[in-house]
Amino acid sequence: MFIEPIVKGGRQGWIEVICGSMFSGKTEELIRRLKRAKIANLRVEIFKPAVDTRYDDQQIVSHDEKAIPSTPIDNSQTILLLTSEVDVVGIDEAQFFDDQLPDVCDRLAAQGIRVIVAGLDMDFRGKPFGQIPNLLAKADYITKLHAICMKCGNIASFSYRKHAHEGQFLLGEKDIYEPRCRKCFYDPD
Ligand SMILES: Nc1ncnc2c1ncn2[C@@H]1O[C@H](COP(=O)(O)OP(=O)(O)O)[C@@H](O)[C@H]1O
Ligand SMILES: Cc1cn([C@H]2C[C@H](O)[C@@H](COP(=O)(O)O)O2)c(=O)[nH]c1=O
Ligand SMILES: [Zn+2]
């Protein structure tokens, strides 16, 4: 389990990335860290891409219905305008944000802010997704989570799309996606 680092000598920022397949627990882990920060009386701001309207327009909601209020935004640079007086920034579904997101996270960390980013590391083809690879390169702390393969019960790193849609962007749940292990993802039958 991720334990918050001890910071000596004043305020210091850093970047945490939580990645993994769908249903691996990224949103639950993000919510857990953000709730602990709130318990510590830190000033917390939470963002998600406005396009992600799956469970709720405003809140971040996990597959298991854990929720926390957030601000939906269209552009990652908006985060800089809304975080002048905060200690912790949380960002969910980061794979959907524009290519400025790594730079935005760098700038927040340089201001002494703890930045916690959650997102899919791979798309339905098993290819790196959006800015997550660049964020992983910049991260101070990385947590890779795993789901359970829906075919064989092993540990799953991949998100298998059950529909024929070819575009990278397709919001969905268990009706469209299932987590799979490497073997069941590449050799289905
Ligand atoms: N195949 C699966 N493997 C693991 N968890 C699953 C699976 N299917 C459903 N779940 C549920 O999904 C929850 C994780 O949801 P969530 O944090 O929203 O994941 P993510 O953000 O990574 O998609 C788990 O606690 C569990 O209740
Ligand atoms: C693999 C994959 C997923 N998506 C979409 C499907 C969901 O709406 C989100 C991921 O949500 P989660 O919190 O990680 O479960 O992303 C997509 O658009 N394209 C893909 O290839
Ligand atoms: Zn499997």
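Residues numbered from 1 in each chain as written. Chains lettered and ligands numbered in written order. Predicted model: local features only at pLDDT ≥ 70, side-chain atom pairs only at ≥ 80, totals over all residues.

As named in an unreviewed UniProt entry, the protein is Thymidine kinase, taken from Flavihumibacter petaseus NBRC 106054. The heading Sequence similarities (unreviewed entry) in the UniProt record of the protein holds the text "Belongs to the thymidine kinase family." (UniProt positions renumbered as here; feature names shortened; annotations may be inferred.)

Asker: Sorry if this is basic, but what is going on with the site of ligand 2 here?
Answerer: What surrounds ligand 2 is a group of 15 residues, the closest being Met22, Asp123, Phe124, Ser159 and Leu171. When the residues that make up the shell around ligand 2 are grouped by side-chain class, the tally is 8 nonpolar, 4 polar and 3 charged. (Near = placed C-beta within 6 Å. Nonpolar A, V, L, I, M, F, W, Y, C, P; charged D, E, K, R; others polar.)

Asker: Would you explain the nonpolar core in this entry?
Answerer: In a soluble, globular protein the nonpolar side chains are often hidden away together inside. Ala94, Cys105, Val115, Val117 and Leu135 are the most contacted members of the largest nonpolar core, which totals 46 residues. If we ignore the near neighbours within four places in the chain, the residues touching Val115 are Gly13, Ile15, Glu16, Val89, Cys105, Leu108 and Ala109. (Core = buried A, V, L, I, M, F, W, Y, C linked by C-beta atoms within 7 Å. Buried ≥ 20, exposed ≤ 12 C-beta atoms within 10 Å, placed from the backbone. Contact = placed C-beta atoms within 7 Å.)

Asker: Hey, could you run me through the sheet that holds strand E8 (residues 141-145) in this one?
Answerer: Think of a sheet as strands paired side by side through backbone hydrogen bonds, with each pair either parallel or antiparallel. The sheet built from 6 strands is open, its strands ordered E5-E2-E6-E7-E1-E8 with parallel pairing. The sheet is open, and its two borders are formed by strand E5 (71-73) and E8, each paired with just one other strand. Neighbouring strand axes in the sheet, compared pairwise and without regard to direction, differ in orientation by 20° on average. As paired elements, strand E6 (residues 88-91) and strand E7 (residues 114-120) share 4 bridges and run parallel to each other. Considered in E7, the bridge of Val89 is made with Val115. Across the sheet, helix H3 (residues 101-110) lies against strand E1 (14-20), E6 and E7, angled at about 155° from E7, the strand it touches most. (Pairing = 2+ DSSP bridges. Helix = DSSP H or I, 4+ residues; strand = E, 2+ residues; numbered from the N terminus. Axes fitted to C-alpha atoms, helices over the stretch in contact; angles between N-to-C directions.)

Asker: Teacher, can you tell me more about the environment of His163 here?
Answerer: Following the sequence through the fold, His163 ends up in the loop between strand E11 (158-161) and strand E12 (177-180). For the pair His163 and Tyr177, spaced 14 residues apart in sequence, the C-alpha separation works out to 8.0 Å.

Asker: How do you make sense of the UniProt feature "active site" (unreviewed entry) in the protein when you look at a structure like this?
Answerer: In this numbering, the UniProt entry assigns the feature "active site" (unreviewed entry) to Glu93. Along the polypeptide, Glu93 turns up in the loop between E6 and H3. A residue is classified by how many C-beta atoms lie within 10 Å of it, and Glu93, with 22 of them, is buried.

Asker: For this particular structure, what's the right way to read the confidence of the model for the protein?
Answerer: Detailed reading of the predicted coordinates is not advisable wherever pLDDT is low. On average, the protein scores 96 in pLDDT, and the residues at 70 or more come to 100%. Among the scores for the predicted complex, ipTM is 0.99 and pTM is 0.98. (pLDDT = per-residue confidence, 0-100.)

Asker: Please explain the site of ligand 1 as it appears in this structure.
Answerer: Around ligand 1, the structure places 15 residues, and the nearest of them are Lys26, Thr27, Ser62, His63 and Ala147. Put simply, the parts of the chain that give the shell around ligand 1 at least two residues each are helix H1 (26-39) and strand E9 (147-148). With 3 residues, H1 is the largest single contributor of residues to the shell around ligand 1. Broken down by class, the residue content of the shell around ligand 1 amounts to 6 nonpolar, 6 polar and 3 charged.

Asker: Looking at this structure, how should I read the environment of Ser24?
Answerer: Here Ser24 shows up in the loop between E1 and H1. Sequence-wise, Ser24 and Asp57 are 33 residues apart; in three dimensions their C-alpha atoms are separated by 22 Å. Other than its neighbours up to four places away in sequence, Ser24 contacts Leu145, His146, Ala147 and Pro179.

Asker: It is not clear to me how unusual backbone geometry should be interpreted in this structure. Could you clarify?
Answerer: Excluding glycine, residues mostly have negative phi values, and the peptide bonds linking residues are mostly trans. The phi dihedral of Phe23 falls on the positive side, at around 70°, and the residue is not glycine. Residues other than glycine seldom take positive phi values, yet Asn41 does so here, at roughly 65°. In this structure, Asn41 sits in the loop between H1 and strand E2 (44-49). For Asn41, a count of 8 C-beta atoms within 10 Å gives the class exposed.

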